[in-house]
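Given next are the chains, with one letter for each unit.
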Amino acid sequence: MLSFDTIVAPATPPGEGGIGIIRISGPDAVAFLATVFRGKVNASKMQSHRLYHGHLLNRKSERVDEVLAVVMRAPRSYTGEDVVEVHCHGGTQITRNVLDLFLDAGARMAGPGEFTQRAFLNGRLDLSQAEAVIDVIKARSERAGRVALSQLEGHLSRKIYRFSDRLKESLALIEAHIDFPDDEVGVLDLPALLDPVRELSQDMQTLANSFDVGRVLRDGINVLILGRPNVGKSSLMNAMLGESRAIVTSVAGTTRDTLEEHLVLAGFPVRLIDAAGVRETDDPVESEGVRRATEKALAADLILLVVDGTCPLTDEDFIALDLCQPAKTLVVVNKSDQAQDCNLDNLALFTHRVAVSAKHNLGLVDLSHAIVERLGCDATLSGSEGVVITERRHRDALTSAITSLQGLLVSVKTLAPLECLAMELREALSALGQITGETTPDEILDQIFTRFCIGK
Ligand code: GDP
């Protein structure tokens, strides 16, 4: 284990709550507790992983708080070092006072993510697991939480280690032929080398592709509701949210600015954006809205193009339609509760359609299924055996490993020396090592851990 100083930080968020937890980690954690804690059992005698009741005293022997304290001895702790957690009363001042006691005793205030960084440096977690810690904390839907937890439990790492093992087998095969002449080890069996490399490259590509879903799970999908005034965009947003936030009115053009709301659809976090009514207008406020809608249409992952099913499409509908790329558009034919009279043949390019009544909450389940299906998320999730990558960094590392393997296949075709093939394999291995942290440069490590909050 590496040796560090002793750090301290609040582990609970600032503000008032039932309890506040102060966490201390490092070689002097227990000694520091001993200097401030008074209870039936002295801190140095506490059994690991048991809570003890007592009081914290300052240098003048005044009581600072009544607390529960737990000692988690190395290596069975989050950081792998001796860790102490003190559960004090949850209040801004009281947690500050308790924190000060430990700073006074000699602990240093921890930096962001420093506890998790130590867990990584002490080998308690590999890098992809450490990164998952922050995803677990920030997960915005149950499904996102499950994927993050699976990464924290090491499912992604195990998959990467299996890839590395397969690469190492191929490397051993080549190295045997570099080190020993053919008359000793026989001629290099090319299919035995190339078939596994091709297969591995495919498997890596499947995992790299799961980033499409991983990104959606972590950051959410941007869904833009677009359409001319009065087709029922605000009503649809309200219906999807199940609460009245946007102003619903029958006067055209009142939704002047864009509104954003967050919701969870079939387990995926969604940012729902209601764009301004799209139509040609001299009204400066509204044309600004139209300009923004155009921008948002470009940035959206999915557009819900809302049309009014009760009347033929108008020129204004076509203005909205022009902003939509068919590949990422779902046409929502609203007002299904009334007689339909819409010339949908004009929407031939837009093959994905759902009929709803926003006002009467009809067809909303179909709509949410259609959204998830349109994004292809469910299919990718079931194809990836539940292991999904959520970090662009991981996707890039996989892509770089795949590029090296492709380089190897080319090198074989051009009869390049075996050293070149070995080099490509080593590069692929090193790229995979960036995911688990074995070959990650220090500055990237620093960047990763500073994204964490203090106390984690
Ligand atoms: P927006 O301008 O596109 O945001 O449209 P609104 O949501 O403000 O709705 C315009 C009008 O259409 C309002 O009078 C709504 O009550 C009405 N409306 C919206 N959805 C439906 C629906 O499903 N059926 C019927 N009959 N009327 C609807």
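Along each chain, residues carry numbers from 1 onward, in the same order as the chain's sequence is written. Residues qualify for local features only when their pLDDT is at least 70, as the model is predicted, and side-chain atom pairs are given and counted only at 80 or more; totals for whole chains, interfaces and linings, by contrast, use all residues. As a convention, hydrogens and water are excluded, and side-chain values are obtained from all of the structure's heavy atoms.

1. Observations regarding the confidence of the model for the protein
The predictor rates its confidence in each residue with pLDDT, a number between 0 and 100. The predicted model of the protein averages 88 in pLDDT, with 90% of residues at 70 or higher. The criterion used for residue contact is that any of the two residues' heavy atoms lie within 4.5 Å. The low-confidence segment residues 244–256 (pLDDT under 50) makes 29 contacts with residues lying over four places distant or belonging to another chain.

2. Thoughts on helix α12 (residues 315–322)
Those residues of α12 not exposed but buried are D317, A320 and L321. The buried side chains of α12 occupy one side of the element, clustering within an arc of 100° when seen end-on. Along α12, the residues that are exposed and aim more than 90 degrees away from the buried face are D315 and D322. Buried residues belonging to α12 abut β8 (221–226) and β11 (302–308). Working definition: with a 1.4 Å probe on protein chains only, accessible area under 20% of the residue-type maximum means buried, over 50% means exposed, and in between means partly exposed. To qualify as a helix, a DSSP run of H or I must reach at least 4 residues; to qualify as a strand, a run of E must reach at least 2; elements of each kind are numbered from the N terminus. Starting at the helix axis, one direction is taken to each C-beta atom, and the arc is that of these directions.

3. A short note on the sheet that holds strand β4 (residues 51–57)
Taken together, seven strands build an open sheet; the order of strands is β3-β4-β5-β6-β2-β1-β7 and the sheet is mixed. Strand pairing shows two members of the sheet lacking a second neighbour, β3 (37–39) and β7 (108–109), which therefore form its edges. Criterion used throughout: strands pair if DSSP finds at least two bridges between them. Where β4 lies against strand β5 (residues 63–72), seven bridges are found, and the strand directions are antiparallel. The partner of L51 across the bridge, within β5, is V70. Sheet strands in contact with helix α3 (residues 114–121) are β1 (7–10), β2 (17–25) and β7, and its direction is about 135° off that of β1. All axes are obtained by fitting lines to C-alpha atoms, using only the stretch in contact for helices, and the reported angles, taken between N-to-C directions, cover 0 to 180 degrees.

4. Notes on the packing of aromatic side chains
Planes of paired rings set the category: under 30 degrees apart is stacked, over 60 is edge-to-face and the rest tilted, where pairs are Phe, Tyr or Trp rings (Trp by its six-membered ring) whose centres lie within 6.5 Å. Taken as a whole and judged by the stated rule, the model has two aromatic pairs. Summarising the aromatic geometry, the rings of F120 and F449 are spaced 6.0 Å apart at their centres and angled 35° between planes, so their arrangement reads as tilted. Of this pair, F120 sits in helix α3 while F449 sits in helix α17 (residues 442–450); the two residues are 329 residues apart in sequence, bridging distant segments of the chain. Across the pair, exposure class does not vary: F120 and F449 are buried alike. Three or more aromatic residues joined by ring pairs form one cluster here, namely F120, F449 and F452. Any Lys NZ or Arg CZ found within 6 Å of a ring centre and within 35 degrees of that ring's normal is scored as a charge over the ring. Above the ring of F115, the side-chain terminus of R23 is found at 5.2 Å from the ring centroid. When the ring centre of Y78 is taken as reference, the NZ or CZ atom of K456 above it lies at 4.7 Å.

5. Structural notes on the side chain of T79
Relative to the helices and strands, T79 is located in the loop between β5 and β6 (83–90). You can call T79 buried: its relative accessible area is 1%. Leaving out residues up to four positions away in the same chain, T79 has contacts with S25, F115, R118, A119, N122 and R124.

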